[in-house]
Amino acid sequence: MRMALDLAQAAADAGEVPVGAVVVDEATGQVLGRGANTTLSDVDPTGHAEVVALRRAARETGNHRLTGLTLYVTLEPCAMCAGALSHARIGRVVWAADDPKGGAVVHGPKLFDQPTLHWRPRAERGPLADEAALALRTFFRARRGTGG
């Protein structure tokens, strides 16, 4: 999760919403994909950290199925990202900060609880939630000009 937070900070430094994600093979400890939000820099509404990390992990493994791998992300995945995680058949999703407004795992549509979903990764809150939430609050306060 620390690596994902570093990626989130790099995104913030680039003017992007500070979210970072890392795909890891827990059996080997190998990082297979890294991502940070790139929606602005890539002019791409799908440029969320999770999607970027999934794409890179799929290329690295040579497989669009990422079964057995873990994605660490600094913010609870939105509906788009939760859907992508399901389609990729990621084994496990661990997020730091909850997203009551835009999250889709334990908030909103609770996508992984839907009976028609074809693949359900294990999903759990992880470490460093306070640090990830602070990075987001700091970023949005600065953008709104309300101070730190």
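**Student:** Give a detailed account of the pattern of salt bridges, specifying residues and quantitative values.
**Tutor:** One pass over the full model with this rule turns up five salt bridges. Taking the shortest distance from any N to any O, the salt bridge between Glu124 and Arg92 comes out at 3.0 Å. With Glu124 in strand E5 (residues 122–125) and Arg92 in strand E4 (residues 92–97), the pair connects residues that are 32 residues apart, well separated along the chain. Between Arg125 and Asp98 there is a salt bridge, with the nearest N and O atoms lying 2.9 Å from each other. A residue pair is termed long-range when its members are at least 10 positions apart, and Arg125 in strand E5 and Asp98 in the loop between E4 and E5 qualify at 27 residues. A single network of salt bridges, built from pairs that share partners, joins Glu26, Arg92 and Glu124.

**Student:** I'd love a proper account of a positive patch on the surface, names of residues and values included.
**Tutor:** Among the surface-exposed residues, Lys101, Arg137, Arg141, Arg143 and Arg144 lie close enough to one another that they form a single positively charged patch. Here Lys101 shows up in the loop between E4 and E5.

**Student:** Please provide a residue-by-residue account of the state of the cysteines, values included.
**Tutor:** Across all of its chains, the model carries zero disulfides by this definition. Left unpaired, Cys78 is separated from the closest cysteine sulfur, that of Cys81, by 3.7 Å. Residue Cys81 is classed as buried on the basis of its relative accessible area of 0%.

**Student:** A description of helix H3 (residues 79–87) should follow, citing residues and the corresponding values.
**Tutor:** Because each turn of an α-helix spans 3.6 residues, side chains separated by three or four positions end up pointing in the same direction. Buried residues of H3: Cys81, Ala82, Gly83, Leu85 and Ser86, and no others. In this structure, the buried residues of H3 make contact with helix H2 (49–61), strand E3 (70–75) and E4. Following H3 by one or two positions, Arg89 has its phi on the positive side, about 60°.

**Student:** Outline the environment of Leu54, listing residues and values.
**Tutor:** Structurally, the position occupied by Leu54 is in helix H2. With relative accessibility at 8%, the residue Leu54 sits in the buried group. Along the chain, Leu54 and Leu71 lie 17 residues apart, while their C-alpha atoms are 8.3 Å from each other. Discounting chain neighbours no more than four positions away, the residues touching Leu54 are Val23, Leu66, Leu71, Ala84, Leu85, Ala88 and Ile90.

**Student:** Describe unusual backbone geometry, naming the residues involved and giving the relevant values.
**Tutor:** You will see that Val43, though not glycine, has its phi angle at about 50°, which is positive. Within the fold, Val43 resides in the loop between strand E2 (30–36) and H2. We classify Val43 as exposed; its relative accessible area is 71%. The backbone of Lys110 shows a phi angle near 45°, a positive value even though the residue is not glycine. Of note, Lys110 is situated in the loop between E4 and E5. Accessibility expressed as a relative area gives 37% for Lys110, which makes it partly exposed.

**Student:** Account for the side chain of Asn37, naming residues and giving values.
**Tutor:** Residue placement: Asn37 occurs in the loop between E2 and H2. One polar contact links the side chain of Asn37 to the main-chain carbonyl oxygen of Val17, over a distance of 3.3 Å. Looking at Asn37, its side chain comes within polar contact range of the main-chain nitrogen of Ala49, at 2.8 Å. Sequence-distant contacts of Asn37, that is, excluding residues within four places in its chain, are made with Ala11, Glu16, Val17, Val19, Gly47, His48 and Ala49.

Rules used throughout
Residues numbered from 1 in each chain as written. Predicted model: local features only at pLDDT ≥ 70, side-chain atom pairs only at ≥ 80, totals over all residues. Heavy atoms only, no water. Salt bridge = Lys/Arg side-chain N within 4 Å of Asp/Glu carboxyl O. Helix = DSSP H or I, 4+ residues; strand = E, 2+ residues; numbered from the N terminus. Patch = residues over 30% accessible without salt bridge, like charges linked within 9 Å, V, L, I, M, F, W, Y side chains within 5 Å. Areas by Shrake-Rupley, 256 points an atom, 1.4 Å probe, with all protein chains shown as cover. Lys, Arg positive; Asp, Glu negative; His and termini not counted. Charge placed at Lys NZ, Arg CZ, Asp CG, Glu CD. Disulfide = S-S within 2.5 Å. Buried < 20%, exposed > 50% of the residue type's maximum accessible area, 1.4 Å probe, protein only. Contact = heavy atoms within 4.5 Å. Polar contact = N/O pair within 3.5 Å; in protein donor to acceptor, adjacent residues only side chain to side chain.

Remember, this is a structural readout, not a statement about activity or role.
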